[in-house]
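Summary of structural features
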Amino acid sequence: MYNRPRIIPVLLIDDRDLIKTKQFGERTYLGDPVNAVKIFNIKGVDELSILDIGATKNHKEPDFELLADIASEAFMPLSYGGGITNIDQIRKLLAIGYEKVVLNTALIDNPDLIRQAAELVGSQSVVASIDAKKTSTGYEAFVEDGTRKTGMTPANLARKALELGAGEIIINSMDNDGMMQGYDIDLVKEIADTVDIPVTAIGGAGGIQDLKKVLIEGHAHAAAGGSMFVFYGRLRAVLITAPREEELVGKGIYDKL
């Protein structure tokens with residue numbers, strides 16, 4: 001019998017397109033997000049996160065039509081973040097099949113929404129997403145797809161999210177995003193050691209060994225990734241894929257705890 005940390009592909013959408021970013025800047029168009037979900041079904045992925053990175057900064061609400069199409073095709077639990085500004089949107093997301101909501105900018109601009117969401121659906125369905133960048137003095141948290149400084153450290157924002165009722169934290173390294181050279185272990189460990197709720201690491205995964213390292217050395221409870229699930233090889237050919245169960249077992253991923 002082995003322990004089984006969560007391994008989570010993250011799909012970024014913007015204006016209905018599936019894309020992948022590099023350090024929150026350079027973008028690669030990948031195709032139709034619904035088709036990607038169909039492939040992940042075949043691959044047996046057991047959790048999927050959908051993030052609309054353009055919604056909040058463009059003052060748009062979630063694209064419920066597209067999200068309903070995605071949910072109708074998905075055989076795995078789904079989380080969604082992007083453009084969520086009120087409790088009615090959260091109700092609608094849950095109604096069309098999403099198990100968790102991911103909140104980022106609301107941590108700064110509308111913290112009461114996290115409280116309301118936790119009261120409505122329970123803390124286990126409320127995920128606080130923190131985007132962090134290295135500075136000369138440490139790390140700073142950003143919102144609005146990394147375009148706006150908060151003046152807060154990621155650790156302080158994580159504590160705030162916990163106090164507001166979030167049941168999970170996603171910590172994303174803006175510097176490592178899309179680089180496929182490993183997670184920022186120090187950043188992840190700082191957050192995981194700061195709060196007593198599950199922490200999911202994202203930003204930098206390039207292979208199974210990176211997943212293992214962040215789970216063991218970074219103390220993460222789950223490892224998420226984008227590029228390693230949509231690119232193949234050094235030329236970054238587009239290929240929607242996921243590690244097979246036997247690969248994860250063979251690399252000792254499930255021996256973490």
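Predicted, not measured: the structure shown is a model, and the values here were computed from it.

**Some points on helix 8 (residues 208-216)**
Buried within helix 8 we find Ile208, Asp210, Leu211, Val214 and Leu215. Angular distribution of buried residues about the axis of helix 8 spans 160°; they occupy a single face of the element. Elements that come into contact with the buried residues of helix 8 comprise strand 1 (6-14), helix 7 (185-192), strand 11 (199-202), strand 12 (222-225), helix 9 (227-230) and helix 10 (245-250).

**So, unusual backbone geometry**
Of note in the backbone geometry, Gln23 takes a positive phi value of approximately 50° without being a glycine. Relative to the assigned elements, Gln23 resides in the loop between strand 2 (17-22) and strand 3 (26-31). You can call Gln23 partly exposed: its relative accessible area is 44%. Of note, Phe24 is a non-glycine position whose phi angle comes to about 65°, a positive value. By the element assignment, Phe24 lies in the loop between strand 2 and strand 3.

**Details of helix 1 (residues 33-43)**
Among the residues making up helix 1, those that are buried are Pro33, Val34, Ala36, Val37, Phe40 and Asn41. Down the axis of helix 1, the smallest arc covering the buried residues is 155°, so these residues share one side. The residue sitting at the N-terminus of helix 1 and contributing the capping side-chain oxygen is Asp32; that oxygen lies 3.1 Å from the backbone nitrogen of Val34. At the exit of helix 1 stands Gly44, carrying a positive phi of roughly 75°.

**Some details on the side chain of Gln89**
For Gln89, the location among the structural elements is in helix 3 (residues 87-95). Every residue in contact with Gln89, bar those within four places of it in the chain, is listed here: Glu61, Pro62, Phe64, Gly83 and Ile84.

**Some thoughts on the environment of Ser173**
In this fold, Ser173 is placed in strand 10 (residues 168-173). With a relative accessible area of 3%, Ser173 lands in the buried category.

Thresholds applied
- Residues numbered from 1 in each chain as written.
- Predicted model: local features only at pLDDT ≥ 70, side-chain atom pairs only at ≥ 80, totals over all residues.
- Heavy atoms only, no water.
- Buried < 20%, exposed > 50% of the residue type's maximum accessible area, 1.4 Å probe, protein only.
- Helix = DSSP H or I, 4+ residues; strand = E, 2+ residues; numbered from the N terminus.
- Arc of directions from axis to C-beta.
- Contact = heavy atoms within 4.5 Å.
- Polar contact = N/O pair within 3.5 Å; in protein donor to acceptor, adjacent residues only side chain to side chain.

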